[in-house]
Amino acid sequence: MSMKKESPWDVELHLAAAKGDAKRLQVLLESGRVHVDCKDKDGTTPLILAAAGGHVDAVAELLQQGADPAAKRLTGTTALFFASQGGFVDVVNLLLDNEAFVDSCSVDGGTPLFVACQCGHLDVVEGLLDRGANVNAHMKDGATALFIAAQNGHVRILEVLLERGAKTDAIRTDGATPLWIAAQMGHDHVVRRLLKAGARVDSTRHDGATPLFKAAHKGHSAVIAELLKYRPSLGILPNGESALHAAALSGHMAVARQLVGAGADALLLNQEGVTPLQLAIRHSQTQVIDYLTDKVRTRTASR
């Protein structure tokens, strides 16, 4: 359908679809005054509206009347995209039964699988994968469904994706991996599962930061505990800093204890020739200053 000014009939059809009024849709369409795929200024069709609202009867009526399941909004999103985003598994299945393309993507590369992962709809994720969704498809920025699940802390969905062949260390264009984003977000349960699946503990984003560095900077103590089980680098990283420098800068006392306990050096020089202790002093992180000072004194006395 061409993008034309909406008629009153178009508007009424859209309203009926949004409300899920299947009977009104039937009456309007059988009048012959409106096209089943009429679009508004954003390219939205009645089928997209009905699917987005989870109105299975309205979706069924529109499909029976010849609605196109491949119709897209200006953003590239389809009825299946919105049904997946809303977690409406019955609508998803109905659309797929009527030849909706399972991997149809938006302008940024997002597929129905992506939004189902983002919103935590496990049953939809499993259904889309059963229908052939590409588990390793990626958005324009390189993020995969596994990355999205890791970012949002959906560990059960993450496990399903891994079981279906998702690449554990698939990187985003900035170099971030699913493990990196999970560490940054503080999802220790996701970090644990990814490490068990073989994710590289020292995967490095293009700025040189590792998962341990980001977790230390954010103060995610539970994530630090999981990462330390896999012997991550405690030394100077490609960004010129260590994880202990990040903890000292931010004043995360619990993390500083964890890192020093694992062997991190309070006197390690960063790219500017500054130690974690000096960095804590510079930023007035009193608790960390006292702790690191005591550790330095103890080490000096033992020599």
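A quick note: this is a predicted structure, and the numbers were derived from the prediction, not measured.

## Some words on the overall build of the protein
1) Next: Scanning the protein from N- to C-terminus turns up 18 helices and 0 strands.
2) Next: The globule rule puts the C-alpha radius of gyration for 303 residues at 19 Å, and the 26 Å found for the protein is more than 25% above it.
3) Next: The C-alpha extent of the protein, read off along each of the three principal axes, is 95 × 35 × 25 Å.
4) Next: Looking at the 303 residues of the protein, the share that counts as buried comes to 50%.
5) Next: Taking as baseline every contact in the protein between residues at least 6 positions apart, the subset at least 24 positions apart corresponds to 67%.
6) Next: A total of about 13600 Å² of accessible surface is found on the protein, and carbon and sulfur atoms cover 49% of it.
7) Next: A gap of 7 Å separates the mean positions of the 31 positive and 33 negative side-chain charges of the protein.

## What about helix 13 (residues 211-218)?
1) Next: In terms of residue burial, helix 13 counts as a mostly covered element, since 6 of its 8 residues are buried.
2) Next: Within helix 13, the full set of buried residues consists of Pro211, Leu212, Phe213, Lys214, Ala215 and Ala216.
3) Next: Its buried side turned inward, helix 13 meets helix 11 (178-185), helix 14 (221-228), helix 15 (243-250) and helix 16 (253-261).
4) Next: Directly after helix 13, the chain includes Gly219, whose backbone phi takes a positive value near 80°.

## As for the packing of helix 10 (residues 155-163) against helix 12 (residues 188-196)
1) Next: Where helix 10 contacts helix 12, the two axes come as close as 10 Å, and the packing angle between them is 15°. Comparing the axis directions of helix 10 and helix 12 gives the class roughly parallel. Crossing angle aside, the handedness with which helix 10 passes helix 12 is right-handed. Across the interface between the two elements, Val155, Leu158, Glu159 and Leu162 of helix 10 pack against His189, Val190, Arg193 and Leu194 of helix 12.
2) Next: Here the contact of helix 10 with helix 12 is composed, by residue class, of 5 nonpolar, 1 polar and 2 charged.

## Section: the environment of Leu146
1) Next: Among the structural elements, Leu146 can be located in helix 9 (residues 145-152).
2) Next: Residue Leu146 is classed as buried on the basis of its relative accessible area, which comes to 1%.
3) Next: Spatially, the C-alpha atom of Leu146 lies 13 Å from that of Glu126, the residues being 20 residues apart in sequence.
4) Next: What Leu146 contacts, discounting residues up to four positions off in sequence, is Leu158, Leu161, Leu162, Ala166, Lys167, Thr168, Pro178 and Leu194.

## Describing the side chain of His245
1) Next: Examined against the element boundaries, His245 turns out to sit in helix 15.
2) Next: Here Ser242 takes part through its side chain, which lies 2.7 Å from a polar atom of the side chain of His245.
3) Next: Apart from the residues lying within four places of it in its own chain, the contact partners of His245 are Ile236, Leu268, Leu269, Asn270, Val274, Thr275, Pro276 and Leu279.

## Describing the domain arrangement of the protein
1) Next: Domain assignment breaks the protein into domain 1 (1-100) and domain 2 (244-302).
2) Next: The centre of domain 1, based on its C-alpha atoms, is set 60 Å off from the matching centre of domain 2.

## With respect to unusual backbone geometry
1) Next: Positive phi, close to 50°, is recorded for Arg231, a residue that is not glycine.
2) Next: If you trace the backbone, Arg231 turns up in the loop between helix 14 and helix 15.
3) Next: Its identity is not glycine, yet Ser284 carries a phi of approximately 55°, on the positive side.
4) Next: Ser284 sits in the exposed class, given a relative accessible area of 56%.

## Observations regarding the packing of aromatic side chains
1) Next: Under the defined criterion, the tally for this structure stands at 1 aromatic pair.
2) Next: Summarising the aromatic geometry, the rings of Phe81 and Phe82 are spaced 5.6 Å apart at their centres and angled 75° between planes, so their arrangement reads as edge-to-face.
3) Next: Residue Phe81 is classed as buried on the basis of its relative accessible area, which comes to 9%.
4) Next: Assessed through its relative accessible area of 17%, Phe82 is described here as buried.

Cut-offs used in this document
Starting from 1, residues in each chain are numbered consecutively following that chain's sequence as written. Residue-level local features of this predicted model are given only where pLDDT is at least 70; pairs of side-chain atoms are given and counted only at 80 or more, and the full residue set underlies all totals for whole chains, interfaces and linings. The side-chain quantities take in all heavy atoms of the structure and omit both hydrogens and water. Numbering of helices and strands runs from the N terminus, with a helix taken as a DSSP run of H or I at least four residues long and a strand as a DSSP run of E at least two residues long. We take the radius of gyration over the C-alpha atoms and set the globule estimate at 2.2 Å times the residue count to the 0.38 power. Throughout, exposure labels follow a simple rule: accessible area from a 1.4 Å probe, protein chains only, divided by the maximum for the residue type, with under 20% read as buried, over 50% as exposed, and the rest as partly exposed. Contacts are residue-level and defined by heavy atoms, with any inter-residue pair within 4.5 Å sufficient. Using the Shrake-Rupley algorithm and a 1.4 Å probe, accessible areas are obtained, with residue cover drawn only from the displayed protein chains. All tallies of charge rest on Lys and Arg as positive and Asp and Glu as negative; His and the ends of each chain are not included. Throughout, a charge is located at the NZ atom of Lys, the CZ atom of Arg, the CG atom of Asp or the CD atom of Glu. Helix axes are fitted to C-alpha atoms over the stretch in contact, other axes to C-alpha atoms as well, and angles between N-to-C directions run from 0 to 180 degrees. Angle categories: roughly parallel below 35 degrees, roughly antiparallel above 145, roughly perpendicular from 65 to 115, and oblique for all the rest. Two helices that cross are described as forming a left-handed crossing if the nearer one is turned anticlockwise from the farther one by less than a right angle, and a right-handed crossing if clockwise. Gly is put with the polar residues, along with every residue not named as nonpolar or charged; the nonpolar set is Ala, Val, Leu, Ile, Met, Phe, Trp, Tyr, Cys and Pro, and the charged set is Asp, Glu, Lys and Arg. Residues adjacent in sequence count toward polar contacts only when both atoms are side-chain atoms; beyond that, a polar contact is any pair of N or O atoms within 3.5 Å, and within protein one must be able to donate a hydrogen and the other to accept it. Each domain's limits were defined by an automated method or a database of domain assignments. Geometry of aromatic contacts follows a simple scheme: Phe, Tyr and Trp rings, the Trp one being its six-membered ring, pair when their centres are within 6.5 Å, and the pair is stacked under 30 degrees between planes, edge-to-face over 60, tilted otherwise.

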